[in-house]
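# Examining the three-dimensional arrangement
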Amino acid sequence: MTIIFGSIWCVYAFFLFSLIPILKPDWQGPLLYISNCIQLVALPALMVGSAILARGSDQRATEDHAALLEILNDVREEMARLRNTTAGIAQQERANSERPTDVVSISDEAVISVNDPASAQQASKTS
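Remember, predicted model here, so these are calculated numbers, not experimental data.

## Overview of the confidence of the model for the protein
Looking at the protein as a whole, its pLDDT mean stands at 79, while 77% of the residues score no less than 70. Across the protein, element-level confidence peaks in helix α2 (residues 8–23) with a mean pLDDT of 88 and bottoms out in helix α4 (residues 117–126) with 50.

What follows is the structure, given as structure tokens:
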């Protein structure tokens, strides 16, 4: 009933129903009685239908809220992992930026100076 009374076709039907007394003024009494009966039945039915629809909506909202909280926790975990990963990268970048620019590092143990040939010879003797 909620769907039927909530449709635009029901509005059109009741509008036409309200115009009947213009064409047949002597039907106004019975039509008034019929419209009051419709109101007495329709209003409680609409309230019950609205309550049922609201209950379903509340349940969906609770389920959506739980799903969103789960997604939020997943995002927080991923952000923590990402922070840990990027923290190591940032430390490595800082260490690399502190190295002299005229030194080429092949590995952590061997360092070759590009500008000073004597240092290059000493590095090759120690290896």
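So, next bit.
## Regarding the packing of aromatic side chains
Enumeration according to the criterion identifies one aromatic pair in this entry. Here Trp-9 and Tyr-12 contribute two aromatic rings whose centre-to-centre distance is 5.4 Å and whose plane-to-plane angle is 75 degrees, an arrangement assigned as edge-to-face. Placement of both Trp-9 and Tyr-12 in helix α2 is noted, with a separation of three residues, approximately one turn of the helix. Above the plane of the ring of Trp-27 lies Lys-24, whose end atom (NZ or CZ) is 5.8 Å from the centre.

## Overview of the pattern of salt bridges
Overall, the coordinates contain two salt bridges when judged by the stated rule. Of the charged contacts in the structure, one is a salt bridge between Arg-81 and Glu-77, with a shortest N-O distance of 4.0 Å. In this pair, Arg-81 and Glu-77 both sit in helix α3 (residues 28–98), four residues apart, roughly one turn of the helix. We classify Arg-81 as partly exposed; its relative accessible area is 48%. Glu-77 sits in the partly exposed class, given a relative accessible area of 44%. For Glu-78, the salt bridge goes to Arg-81, with nearest N and O atoms at 2.4 Å. Placement of the pair is Glu-78 and Arg-81 together in helix α3, with a separation of three residues, close to one helical turn. Owing to a relative accessible area of 45%, Glu-78 belongs among the partly exposed residues under this scheme.

## Quick look at α3
Those residues of α3 that fall on the buried side of the exposure criterion are Leu-31, Ser-35, Ala-42, Ala-45 and Gly-49. Residues of α3 that are buried in the fold lie against α1 (2–5) and α2.

Conventions and cut-offs
- Residues numbered from 1 in each chain as written.
- Predicted model: local features only at pLDDT ≥ 70, side-chain atom pairs only at ≥ 80, totals over all residues.
- Heavy atoms only, no water.
- pLDDT = per-residue confidence, 0-100.
- Helix = DSSP H or I, 4+ residues; strand = E, 2+ residues; numbered from the N terminus.
- Phe/Tyr/Trp six-rings, centres within 6.5 Å; stacked < 30°, edge-to-face > 60°.
- Lys NZ or Arg CZ within 6 Å of the ring centre and 35° of its normal.
- Salt bridge = Lys/Arg side-chain N within 4 Å of Asp/Glu carboxyl O.
- Buried < 20%, exposed > 50% of the residue type's maximum accessible area, 1.4 Å probe, protein only.
- Contact = heavy atoms within 4.5 Å.

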